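One-letter residues, chain by chain:
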Amino acid sequence: MKLIQNIVMALLVILPLSAARAADRDIVDTAVEAGSFNTLVAAVQAAGLVEPLKGDGPFTVFAPTDEAFANLPEGTVENLLKPENKDQLVAVLTYHVIPGKVMAADIAGKKASVATVQGSEVSIDATNGVKVDGATVISADVGASNGVIHVIDAVILPKS
């Protein structure tokens, strides 16, 4: 019984510290640490968006996983990462960001079109799970010091 009490006490001390450390990391650092956003982080670096996404915010980022990027047609990511396509890359990445901090509970049961940092509107449907332009949110409310990340299963693209 004493062992269980010690484990519980240790968890009560460790868990709040871990949560506090998570809140100290900005959007970029949180994505890097997660390890499943390597393509997104590389794209953010190539687009010159690291510093803006480390800014005060708050931001809501719909973050596609590495697997989501891998599901794009072959050569798409490589093409976007070319220096001559930087404007297009910036447009795609900023389409995944909305100003402000929007938590899952804020939109539960609702549908909305929301302006992105890119300038276009993204369609959000939270009436049965959460979909963002058809991509499914697979993990919501990943906190960061300057906003929140919602992990999505596909790369969303602005309408041309």
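Note that the coordinates shown come from a computational prediction; the quantities given were computed from them, not determined experimentally. (Residues numbered from 1 in each chain as written. Predicted model: local features only at pLDDT ≥ 70, side-chain atom pairs only at ≥ 80, totals over all residues. Heavy atoms only, no water.)

Enquirer: How should I be thinking about the nonpolar core in this particular structure?
Expert: One broad trend across soluble globular proteins is that nonpolar side chains are buried collectively. Membership of the largest hydrophobic core comes to 27 residues, with the highest contact counts inside it found for Phe-37, Leu-40, Leu-53, Val-61 and Leu-93. With four residues, the single largest contributor to this core is helix 3 (residues 38–46). Every residue in contact with Leu-53, bar those within four places of it in the chain, is listed here: Ile-27, Val-28, Val-44, Phe-59, Val-61, Val-97 and Asn-146. Phe-62, Tyr-95, Ile-152 and Ile-156 belong to the second-largest nonpolar core, a separate cluster that totals 12 residues. (Core = buried A, V, L, I, M, F, W, Y, C linked by side-chain atoms within 4.5 Å. Buried < 20%, exposed > 50% of the residue type's maximum accessible area, 1.4 Å probe, protein only. Helix = DSSP H or I, 4+ residues; strand = E, 2+ residues; numbered from the N terminus. Contact = heavy atoms within 4.5 Å.)

Enquirer: Would you explain the pattern of salt bridges in this entry?
Expert: Pairs may arise between side chains of opposite charge once their charged atoms sit close together. Scanning all chains against the criterion turns up four salt bridges. With its nearest N and O atoms 3.5 Å apart, the salt bridge here joins Arg-25 to Glu-33. Judged by its relative accessible area of 21%, Arg-25 is partly exposed. Using a relative accessible area of 55% as the deciding quantity, one classes Glu-33 as exposed. One network of salt bridges, with partners in common, ties together Asp-26, Asp-29 and Lys-54. (Salt bridge = Lys/Arg side-chain N within 4 Å of Asp/Glu carboxyl O.)

Enquirer: Sorry, what's going on with helix 3 here?
Expert: In an α-helix, one full turn covers 3.6 residues, which means residues spaced three or four apart are oriented alike. Where helix 3 is concerned, the buried positions are Leu-40, Val-41, Ala-43 and Val-44. Looking straight down helix 3, one finds its buried side chains confined to an arc of 160°; they lie on one side. Buried residues along helix 3 sit in contact with helix 2 (27–34), helix 4 (50–53), strand 1 (59–64), helix 5 (66–70) and helix 7 (86–94). Gly-48 sits one or two residues past helix 3 and shows a positive phi near 75°. (Arc of directions from axis to C-beta.)

Such coordinate-based values are descriptive only and should not be taken to indicate function.
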